[in-house]
Amino acid sequence: MRRTVQLLAGIALLGGCRGEQLPTATTASLQSQAAANESFGADVNKDLATLRQVTAPFQQFERATAAGWSAQITKCMTDPGGTGGMGFHYGKTGLINGTASVETPQLLLYEPEKNGRLRLVAVEYIIPYSFHSRSAAPPRLFNQDFQKVDSFGLWGLHAWVWKENPSGMFAAWNPTVNCDNTTAVASMSH
């Protein structure tokens, strides 16, 4: 765990070197999540640290859109069954090509805040059924199977690397994410 916390501290320090500061709440949440991640194993923890490093600049929504994650794929998503939310999905459409790589998630998930800003909370990797048949064995990343998302015709895998998820790092819904601060809401199961 100490190594994971050190990696997270290093990421925060790198952000500081570029004049960026991760919010204290984000840093504390990541440290708490790092403790929970110990059960994933060294390889997965290393991949999660890499994912945090490559997505850290996208804490600022403007940087994400400038880097190509500018297509709003969904409104702010909440589950009518009460399992939580996901937020807005913004995609880099050129990455939706049937492959999945730790360093290049197809979607960035943002939760709307009271001040009108969007807070990066997670990423989602997606592979449409047109590239990987629904009847095939699920794709894998982080030693996790992708889940079928029939409503969108694709395989999906979430990674809640920027907001702790009590349901688990790779769960689809996060009970601590909501869409209370926007009227652009899509209530649907995923």
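Residues numbered from 1 in each chain as written. Predicted model: local features only at pLDDT ≥ 70, side-chain atom pairs only at ≥ 80, totals over all residues. Heavy atoms only, no water.

## Looking at the pairing of strand β1 (residues 71–78)
Put simply, the rule is: Strand pairing follows a simple DSSP-based rule, namely that at least 2 bridges must link the two strands. A run of H or I in DSSP counts as a helix once it spans at least four residues, and a run of E counts as a strand once it spans at least two, with each numbered from the N terminus.
Across five bridges, β1 lies against strand β2 (residues 85–91) in antiparallel orientation. By the bridge assignment for β2, Met 77 is matched with Gly 87. Between the antiparallel neighbours β1 and β2 lie six residues, among them Gly 82 with a positive phi of about 85°. As paired strands, β1 and strand β9 (residues 185–187) are joined by three bridges and run parallel to one another. Across the sheet, Thr 78 pairs through a bridge with Ser 187, a residue of β9.

## Notes on the nonpolar core
Applied cut-off: Residue types Ala, Val, Leu, Ile, Met, Phe, Trp, Tyr and Cys, when buried and joined through side-chain atoms within 4.5 Å, form a set referred to as a nonpolar core. A 1.4 Å probe rolled over the protein chains alone gives each residue an accessible area, and that area as a share of the maximum for its type sets the label: buried under 20%, exposed over 50%, partly exposed in between.
Judged by nonpolar contacts, the single largest core of 45 residues is most densely connected at Leu 51, Leu 108, Tyr 110, Tyr 125, Phe 142, Trp 160 and Phe 170. Going through the elements one at a time, α3 (42–55), α4 (61–66), β1, β2, β3 (107–112), β4 (118–128) and β8 (154–159) are the ones with two or more residues in this core. Tallying contributions element by element places β4 first for this core, with eight residues.

## Here we look at the side chain of Glu 111
To be explicit about the condition: By the criterion applied in these results, polar contacts are pairs of N or O atoms within 3.5 Å in which, for protein atoms, one can donate a hydrogen and the other can accept it, and in which residues neighboring in sequence qualify only through two side-chain atoms. Throughout, a contact is declared for two residues whenever any of their heavy atoms are within 4.5 Å.
Looking at the element boundaries, Glu 111 is found in strand β3. Of the residues examined, Glu 111 reaches a relative accessible area of 6% and is grouped as buried. A distance of 2.7 Å separates a polar atom in the side chain of Glu 111 from a polar atom in the side chain of Lys 163. If we ignore the near neighbours within four places in the chain, the residues touching Glu 111 are Arg 117, Leu 118, Arg 119, Val 121, Lys 163, Thr 176, Val 177 and Asn 178.

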